[in-house]
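What the coordinates show
The chain contents come next:
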Amino acid sequence: MAGHESPEPADRKQVVDPLDDLRAVEQTRHSCDPAFQHGVVVGFDGSTSSERALSYAIGMAVRSGSGLIIVHVANRLPTTVWAGCEPPVFVDVPDHRTEVLGLELACADYLAEVPWILVERGGDICHELEEVGQEYSADAIVVGSTHGIVGRIFGSVAGRLARRAQRPVIVIP
């Protein structure tokens, strides 16, 4: 019949695409500030070597007239350490260090000459630095060198990042 609409049954469920949520998250994650496109990414955790890397990255950003993307990667531990469950699932450990670092950086005079943002991530440091570099189409990633037994056993962040990165990696001693 022309002009006749049949009402939807009340018990009929609406089909939802499960990928809609994933797409929304990806759009949010990749919608970065265009002012920082082609900026300089620097890994920062407050250590002496990361402070030296930050100083170098600031100079590099100033010379190139670009923004500075400061990345702090929060800790993630496998839940098997705590719960003994299989397979290993990673859980974010509460890390208030990013907030503290953000406050310290906001009060720092040496960052006044360059536009900067602080990005917090969780996971593998190398992967997250490269991912942020890709999201912002960074011209370079700057990291401090790792000294000590941990770097010798597991390999330094700088060494692993230099082997897998798709953009220049600058390692500051």
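Before reading further, recall that the structure is shown in the block above.
Bear in mind the structure is a predicted one, so any value in this text is a computation, not a measurement.

1. Digging into the side chain of arginine 121
- Positionally, arginine 121 belongs in strand β5 (residues 116-122).
- Its relative accessible area of 10% is what places arginine 121 among the buried residues.
- There is a polar contact of 3.2 Å between the side chain of arginine 121 and the side chain of glutamate 128.
- At 2.7 Å, the side chain of arginine 121 forms a polar contact with the side chain of glutamate 135.

2. A few points about the pattern of salt bridges
- For the coordinates displayed, the defined rule picks out 6 salt bridges.
- A salt bridge links glutamate 131 to arginine 121; the shortest N-O distance between them is 3.3 Å. With glutamate 131 in helix α5 (residues 125-135) and arginine 121 in strand β5, this pair connects stretches of sequence that are 10 residues apart. The same class applies to glutamate 131 and to arginine 121, which are both buried.
- Arginine 121 is the salt-bridge partner of glutamate 135, the closest N and O atoms lying 2.7 Å from each other. Here arginine 121 lies in strand β5 and glutamate 135 lies in helix α5, a separation of 14 residues in the sequence.

3. Comments concerning unusual backbone geometry
- With phi around 60 degrees, histidine 38 is a residue other than glycine that occupies positive phi space.
- Checked against the element boundaries, histidine 38 lands in the loop between α1 (19-30) and β1 (40-43).
- Accessibility expressed as a relative area gives 45% for histidine 38, which makes it partly exposed.
- Here serine 137, not a glycine, exhibits a phi torsion of approximately 50 degrees, which is positive.

4. Examining the packing of aromatic side chains
- Here the structure, examined in full by the defined rule, presents 0 aromatic pairs.
- The ring of tyrosine 56 has arginine 63 sitting right over it, with the charged end atom 6.0 Å from the ring centre.

5. Remarks on the environment of arginine 63
- Residue position: arginine 63 is located in helix α2 (residues 48-64).
- Accessibility expressed as a relative area gives 61% for arginine 63, which makes it exposed.
- Put simply, arginine 63 and valine 114 are 51 residues apart on the chain and 9.9 Å apart in space, counted from C-alpha to C-alpha.

6. A short note on the packing of α5 against helix α7 (residues 157-164)
- Between α5 and α7, the least distance of the axes is 9 Å, while the angle of their chain directions is 50 degrees. Here α5 is positioned oblique relative to α7, judged by the angle of their axes. In this structure, the crossing between α5 and α7 has a hand that is right-handed. Across the interface between the two elements, Ile125, Cys126, His127, Leu129 and Glu130 of α5 pack against Val157, Arg160, Leu161 and Arg164 of α7.
- Grouping the constituent residues of the contact of α5 with α7 by class yields 5 nonpolar, 1 polar and 3 charged.

7. Quick notes on the environment of valine 42
- Among the structural elements, valine 42 can be located in strand β1.
- Its relative accessible area of 0% is what places valine 42 among the buried residues.
- Separated by 14 residues in the primary sequence, valine 42 and tyrosine 56 place their C-alpha atoms 9.2 Å from one another.
- Residues within four places of valine 42 in sequence aside, it is in contact with Ala53, Leu54, Ala57, Leu68, Ile69, Ile70, Val71 and Val142.

8. Comments concerning the pairing of strand β2 (residues 68-74)
- Among the 7 residues that make up β2, 7 are buried, leaving the element largely enclosed by the rest of the structure.
- Side chains of β2 alternate between two faces, with Leu68, Ile70, His72 and Ala74 and Ile69, Val71 and Val73 buried alike.
- Relative to β2, β1 runs parallel, the two sharing 4 bridges. Bridging from a neighbouring strand, valine 40 pairs with leucine 68 of β2.
- One crossover worth recording links β1 to the parallel β2 by way of α2, and it is right-handed.
- In this structure, β2 lies alongside β5, joined through 7 bridges in parallel fashion.

Calculation notes
Residue numbers here run from 1 along each chain, matching the order of that chain's written sequence. It should be noted that, the model being predicted, local features are given only for residues of pLDDT at least 70 and side-chain atom pairs only at 80 or more, the latter also being counted only at that level, while totals for whole chains, interfaces and linings use all residues. The basis for every side-chain value is the complete set of non-hydrogen atoms in the structure, without hydrogens or water. A run of H or I in DSSP counts as a helix once it spans at least four residues, and a run of E counts as a strand once it spans at least two, with each numbered from the N terminus. Classification of residues uses two cut-offs on accessible area relative to the type maximum, computed with a 1.4 Å probe and protein chains only: under 20% is buried, over 50% is exposed, and between them is partly exposed. In protein, a polar contact means a hydrogen-donor-capable atom and an acceptor-capable atom, both N or O and within 3.5 Å, with residues adjacent in sequence counting only if both atoms are side-chain atoms; elsewhere, any N or O pair within 3.5 Å suffices. Here, a salt bridge means any side-chain nitrogen of Lys or Arg that lies within 4 Å of a carboxyl oxygen of Asp or Glu. Only centres within 6.5 Å qualify two rings of Phe, Tyr or Trp (six-membered ring in Trp) as a pair; their planes then separate them into stacked at under 30 degrees, edge-to-face at over 60, and tilted for everything else. Two conditions define a charge sitting above a ring: the NZ of Lys or the CZ of Arg must be within 6 Å of the ring centre, and it must be within 35 degrees of the ring normal. Axes, fitted as lines to C-alpha atoms, cover a helix only where it is in contact. Angles between the N-to-C directions of the axes lie from 0 to 180 degrees. Small angles under 35 degrees read as roughly parallel and large ones over 145 as roughly antiparallel, with 65 to 115 read as roughly perpendicular and the rest as oblique. For a crossing to be left-handed, the near helix must be turned anticlockwise from the far one by less than a right angle; the clockwise case is right-handed. Should any heavy atoms of two residues lie within 4.5 Å, those residues are considered in contact. Only Asp, Glu, Lys and Arg are considered charged in this grouping, and only Ala, Val, Leu, Ile, Met, Phe, Trp, Tyr, Cys and Pro are considered nonpolar; every other residue, Gly among them, is considered polar. Strands pair, by our definition, only if DSSP identifies at least two bridges between them. Seen with the strands pointing away from the viewer, any crossover whose path from the first strand over the helix to the second strand runs clockwise is right-handed.

It is worth stressing that arrangement in space is one thing and function is another; only the former is reported here.
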